[in-house]
Amino acid sequence: MVNLANLGLATELLLLLTTPAGARFDGNLNYKSPSRRHPGLGIDVRRVRRRSLVKRRGGDGAAAGLAFTHGVASGDPYPDSVVLWTRAAPSLASDASNATVEGPVPLYNHDTQPYINADPAPICVQWAVYPSEGNGSAVSSGEAYTTSDIDYTIKVEANHLQPFTTYNYQFAICGSNITSPVGRTKTAPLENADVAELKFAVFSCSNYPNGYFNVYGNAARKDEQDYFIHLGDYIYEGSAKGERAHEPSKYLFSLYDYRTRHGQYRTDPDLQLASQNFAWITTWDDHEVSDNGYRDGSSALNNTEQSFLNDGRVSVDQRKMNAVRAYFEWMPIRQIDLDDNLRVWRSFQMGNLLDLIVLDTRNYDRSITSLTWNNDYIDLIRNDASRSLMGSHQENWFYGQLTKSASRGATWRIIGNQIIFSYISQSGKFNGDDWNGYVANRNRTLKHLYDNKISNTIFLAGDSHQNWVSDLVWLGEKTYDAETGDGAIGVEFAGTAVSSTGYNGLIVPARASAEKLVTENTELQWQDGYYRGYYLLTVTPDKLEARYYGSPSVASRNSWDLPLANFTVVAGENKIARPVAGGSVEAGYLRGGKTNPTNVTLNTDTWGWDIVGYDQMYINTNA
C-alpha cells in the first residue's frame, strides 16, 4: 500500500533538488494574490509545482524568446522593505485562459490535461536591490518563478532595507543575460523618525484612449517627489476607439479582459518611466472594475438575471473577482489582510511628520450608489444613517487610524480617498456618487474630527476629472467664515485627471463654469475643470503646500507642464492660508482672487519655458 503522505514529501524533496538555487513559487507574491485563504481567489501552488516538475525555463537556450515586456515598478514602501514588480513573458499578450477563476473544485484543482498543457514550464527570475550610489553589492536579492497562472507577472518583497533610502533594483531571467530596465525606488521613514520634508505627486483617472499620459512623464522628469500616489481609475473598463483604442475592444468581463487592459496601459512610455523611477502608493476607484461600482453591482452590471443575460453573462461577484485578481497581479501593492480579499485600505506611518491613510470608498462594502437610472431614489436616501461608503468594518478602522495618528504625535493626517468629500452642489443638485450621496457617513467623519480635536487633516480626492480646493467644514453644524477660513477642521485637495475628460469645451466657458461653482459653494476656494494634470504635495512640520500643474493637451504626446495654482496650509490652522493661492491663479476661478492666464509653460524635456497653446485637449475616441 502506498503511503500518500510519504509520497507527497518525496515529491516536495524532488522539487527542491531540481529547482535552481533559491527559486521558489512562494517567492512570488502573486501566487498569494489576492488571497490563498479563499477558495475563490487562491492558486494551489503545490499543484503548480507538480505540474511543472519536469521542465523549468532558465539558461540562455531555454530563455530564448522571453522578455521583460512591461517595464518594472515598485510600491507600498515600508521603512525596511518595498514591493517590486515586473512581467517576464514570451509575448506582450496576456494568457487567454481563465483557469484560475473558473471551475467547481476547491482551490481550483488543476490536475486536468488542458491545464497541464497550458504552461508546464515556469520562468525563473532573479532580482536584486542595490544602493543607488556607487557600485555596491546587492543588499537584498532572490529568485522566484512565474507562470501563465498569474499572467507571467512577478511581485516580490525586498526586505532588510534601510529606512528613507533610495535604491536601484533589477530583474533577470535565471542563467541568462536577459535583464529588465534598472528601476529606482525609495523606502519609507521610520515611524518615529524626525522627518524634515516629504513630497508626493498625486494622480487619478488615467483613460488610455482619451489621451496620452503626459503628466506622468512630466512629474517623473522633474523628479521632485519622493513617492507617487494614485487615487484610482488607473485603468478604464470601456471600449473606446481612436488612435489609442482600448484592448480588448469591448467592455471588460473576464480575467483575460482585465489582464489585457492592464497590460495595454503599461505599454505607455510615460507610465513606464514613472513606474520605473518611483515607488507608488495606489488605491482603486470604480473603473478598475466597473463604472459607479458599489457592494452589489455597478451602473453597467446589476445583480439580476436580466443584467447577467444582457451584459457578458458574468455575475457581479465573478466580474469583481476577475478585476481584483488582475489588479493585484499587475500592481505593486501589498496584500494587507489575506483573509479580506477586497482590502486595499491601509495606512503608512512616515516618521513623526505624517500618516497616509488610504481608503476604499468604492468596492469594499459601499451602499448603493447613483446608477443614472436611480438618481431620484439616491437623492431621497442620501441622508439615511445606514448608508456607508466603506462599511462599518473599514469605517471604524478609519476613525481609529485618525485617533491613533493624533495620539502618536504625527503632525499631519493625509487621507488618500477616491471621491469629493466637500459639500458641493451644482445648480442646487448633489452628486449621489461621491460623499454628497452619503451625508451621514460624512457627518460621522466630521464629528470624529471635531469632537476629538484632530488637527491638520488633509483629504485627497480624484474621480471628478476636475480640480477643487476647499476648506473642510461641517456646514450647518459648525460656524464657518469663508473669507478667513475660521471654523474649518481641515482642507481638501481634489485633483483633475491624467487624461479623462473634465470640462469638455473651451477655456473661457470653463472659467465661467468654475466661477459659478465657487460662488454657489461656501467652502470651495478654487475650481478648474479645463486642464488635465496632477498636484505636488510638499509636507513639512510647519506647513503643507499643494502645487497644481496642467497639461495643455493630451491629444498628443508632449512634455509641456503648466503651473496652475499654489496653496498653503499652515500647521495647526486647519484651513487654506489667506490670501488663498497668494491671490492669483493661472486657470479656473479663485474666491477673492484673480485669474491671470499666461500660458507660460515648462518643457520637461528641454527645461525651456515658452508660451504654449493647443486647439484640442483630447483624442477623438469616436474614430
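Q: What should I look at first to understand the overall build of the protein in this one?
A: Helix and strand content of the protein: 13 helices and 28 strands. Relative to its full complement of 623 residues, the protein shows a buried share of 60%. For the protein, contacts bridging at least 24 residues in sequence account for 73% of all contacts bridging at least 6. Entry remark: accessible area of the protein is about 23100 Å², with carbon and sulfur atoms responsible for 50%.

Q: Just checking my understanding: could you explain the layout of surface pockets for this structure?
A: Regions of empty space are outlined by a rolling probe, equal in size to a water molecule, passed over the atoms. Approximately 760 Å³ is the volume attributed to the largest pocket. Looking at the largest pocket, it is lined by 37 residues, and the ones nearest its centre are H287, D291, N292, D463 and H465. Residue classes in the lining of the largest pocket are distributed as nine nonpolar, 20 polar and eight charged. One number sums up the size of the second largest pocket: a volume of about 330 Å³. Along its surface, the second largest pocket is lined by 22 residues, and G505, Y530, D615, Q616 and M617 are the ones closest to its centre. When its residues are assigned to classes, the lining of the second largest pocket shows 12 nonpolar, nine polar and one charged.

Q: Hey, could you run me through the packing of helix α11 (residues 391-408) against helix α12 (residues 439-451) in this one?
A: A pair of packed helices is characterised by two quantities: the angle between their axes and the separation of those axes. Packing of α11 against α12 brings their axes to within 10 Å, and their N-to-C directions diverge by 20 degrees. The orientation of α11 relative to α12 falls into the category roughly parallel. Of the two elements, α11 crosses α12, and the hand of that crossing is right-handed. Together, E395, F398, Y399, L402 and T403 of α11 and N441, R444, T445, H448 and L449 of α12 make up the contact between the two elements. Residue classes in the contact of α11 with α12 are distributed as four nonpolar, four polar and two charged.

Q: Hey, could you run me through the pattern of salt bridges in this one?
A: Close approach of charged atoms lets side chains of opposite charge pair. Considering all chains together, one arrives at 30 salt bridges under this definition. A salt bridge links R346 to D76, with the shortest nitrogen-to-oxygen separation between them at 2.9 Å. Of this pair, R346 sits in strand β12 (residues 346-350) while D76 sits in the loop between β2 (67-75) and β3 (82-89), and the two are 270 residues apart along the sequence. The exposure classification of R346 matches that of D76, with both residues buried. Linking D463 and R362 is a salt bridge whose minimum nitrogen-to-oxygen distance equals 3.6 Å. Linking D463 in the loop between β17 (457-461) and β18 (467-472) with R362 in the loop between β13 (354-358) and α10 (375-381), this pair joins segments that are 101 residues apart in sequence. In terms of burial, D463 and R362 fall into one category: buried. Salt bridges here are not isolated pairs; linked through shared partners, they connect D285, D286, R362, R366, D433 and D463.

Q: Explain the state of the cysteines here, please?
A: In a disulfide, the sulfur atoms of two cysteines are held together by a covalent bond. Taken as a whole, this structure holds one disulfide when the rule is applied. Bridging C124 to C174, the disulfide has an S-S length of 2.0 Å. Where C124 bonds to C174 through sulfur, the torsion about that S-S bond is close to -60 degrees, and the disulfide is left-handed. Residue C124 is found in strand β4 (residues 123-131), and its partner C174 is found in the loop between β7 (166-173) and β8 (183-186); the two are separated by 50 residues along the sequence. Judged on exposure class, the residue C124 and its partner C174 are both buried.

Q: Got a minute to help me understand the pairing of β12 in this structure?
A: Across the five residues that make up β12, a large majority, five, are buried. Judged by which residues are buried, β12 turns out to be covered on both faces: R346, F348 and M350 on one side and S347 and Q349 on the other are all buried. Relative to β13, β12 runs antiparallel, the two being bridged by five bridges. Residue pairing for β13: S347 is matched across the bridge by I357. Hairpin remark: β12 followed by β13, antiparallel, with three residues in the connecting loop; positive phi at G351, about 65 degrees.

Q: In this structure, what is going on with helix α9 (residues 316-330)? I would like to understand it.
A: Count 3.6 residues to each turn of an α-helix, and residues three or four apart come out pointing the same way. Here α9 is 15 residues long and its end C-alpha atoms lie 21 Å apart, about the 21 Å a rise of 1.5 Å per residue gives. Burial analysis of α9 places 13 of its 15 residues in the buried class, the great majority of the element.

Q: What am I meant to see in the sheet that holds strand β10 (residues 227-230) here?
A: Adjacent strands of a sheet pair through backbone hydrogen bonds, lying either parallel or antiparallel. Taken in spatial order, the 11 strands of this open sheet run β6-β3-β2-β11-β10-β9-β21-β22-β23-β27-β28, and their pairing is mixed. Here the strands that pair on one side only, and so sit at the sheet edges, are β6 (153-158) and β28 (609-611). Strand after strand, the sheet turns through a mean of 35 degrees between neighbouring axes, direction not considered. Here β2 pairs with β3 via six bridges, running antiparallel. Opposite A67, over in β3, you have A89 as the bridge partner.

Q: Can you walk me through the packing of aromatic side chains in this structure?
A: Aromatic rings considered in pairs are described by the distance between their centres and by the relative angle of their planes. Evaluation of the coordinates by the stated rule reveals 37 aromatic pairs. Counting every residue linked through ring pairs, the aromatic cluster contains F203, Y208, F213, Y216, F228, Y234, Y265, F278, W280, Y534 and Y549. Seen from the ring of Y78, R334 lies directly overhead, with NZ or CZ sitting 3.5 Å from the centre. Taking NZ or CZ as reference, R343 lies 5.6 Å from the ring centre of W397, over its face.

Q: What's the story with empty space enclosed by the protein in this structure? I'm lost.
A: According to the stated counting rule, one finds five cavities of 30 Å³ or more in the structure shown. Roughly 80 Å³ of volume is contained in the largest cavity. Looking at the largest cavity, the residues that line it are V289, S290, G293, Y294, G297, S298, L301, V316, R319, K320 and N363.

Q: How do you make sense of the confidence of the model for the protein when you look at a structure like this?
A: Regions with low pLDDT carry predicted coordinates that are not meant to be interpreted in detail. Here the protein averages 89 in pLDDT, and 89% of its residues register 70 or above. This stretch, residues 1-22, has a pLDDT under 50; its non-local contacts, to residues over four places away or in other chains, come to 18 contacts. Confidence drops under pLDDT 50 across residues 103-118; counting only partners more than four residues distant or on other chains, this segment forms 25 contacts.

Q: I tried to follow the side chain of Q264 on my own but got confused; where do I start?
A: For Q264, the location among the structural elements is in helix α6 (residues 255-265). Those residues in contact with Q264 that sit more than four places away from it in its chain are Y208, R244, A245, H246 and E247.

Q: Would you explain the sheet that holds β13 in this entry?
A: Overall, mixed pairing links the eight strands, which are arranged β12-β13-β14-β17-β19-β18-β20-β25 in an open sheet. Edge strands, defined here as strands with exactly one partner in the open sheet, are β12 and β25 (589-590). Pairing of β17 with strand β19 (residues 490-494), which is carried by five bridges, proceeds in the parallel orientation. Looking at β19, one finds that L460 is bridged to F493.

So, how was this worked out
- Residues numbered from 1 in each chain as written.
- Predicted model: local features only at pLDDT ≥ 70, side-chain atom pairs only at ≥ 80, totals over all residues.
- Heavy atoms only, no water.
- Helix = DSSP H or I, 4+ residues; strand = E, 2+ residues; numbered from the N terminus.
- Buried < 20%, exposed > 50% of the residue type's maximum accessible area, 1.4 Å probe, protein only.
- Contact = heavy atoms within 4.5 Å.
- Areas by Shrake-Rupley, 256 points an atom, 1.4 Å probe, with all protein chains shown as cover.
- 1 Å grid on protein atoms, 1.4 Å probe; cavity = no way out; pocket = protein on both sides within 12 Å on 5 of 7 lines; lining within 4 Å.
- Points joined across faces, edges and corners; volume = space filled by probe spheres on them.
- Nonpolar A, V, L, I, M, F, W, Y, C, P; charged D, E, K, R; others polar.
- Axes fitted to C-alpha atoms, helices over the stretch in contact; angles between N-to-C directions.
- Parallel < 35°, antiparallel > 145°, perpendicular 65-115°, else oblique.
- Left-handed = near helix turned anticlockwise from the far one by under 90°.
- Salt bridge = Lys/Arg side-chain N within 4 Å of Asp/Glu carboxyl O.
- Disulfide = S-S within 2.5 Å.
- Pairing = 2+ DSSP bridges.
- Expected span 1.5 Å × (residues − 1).
- Phe/Tyr/Trp six-rings, centres within 6.5 Å; stacked < 30°, edge-to-face > 60°.
- Lys NZ or Arg CZ within 6 Å of the ring centre and 35° of its normal.
- pLDDT = per-residue confidence, 0-100.

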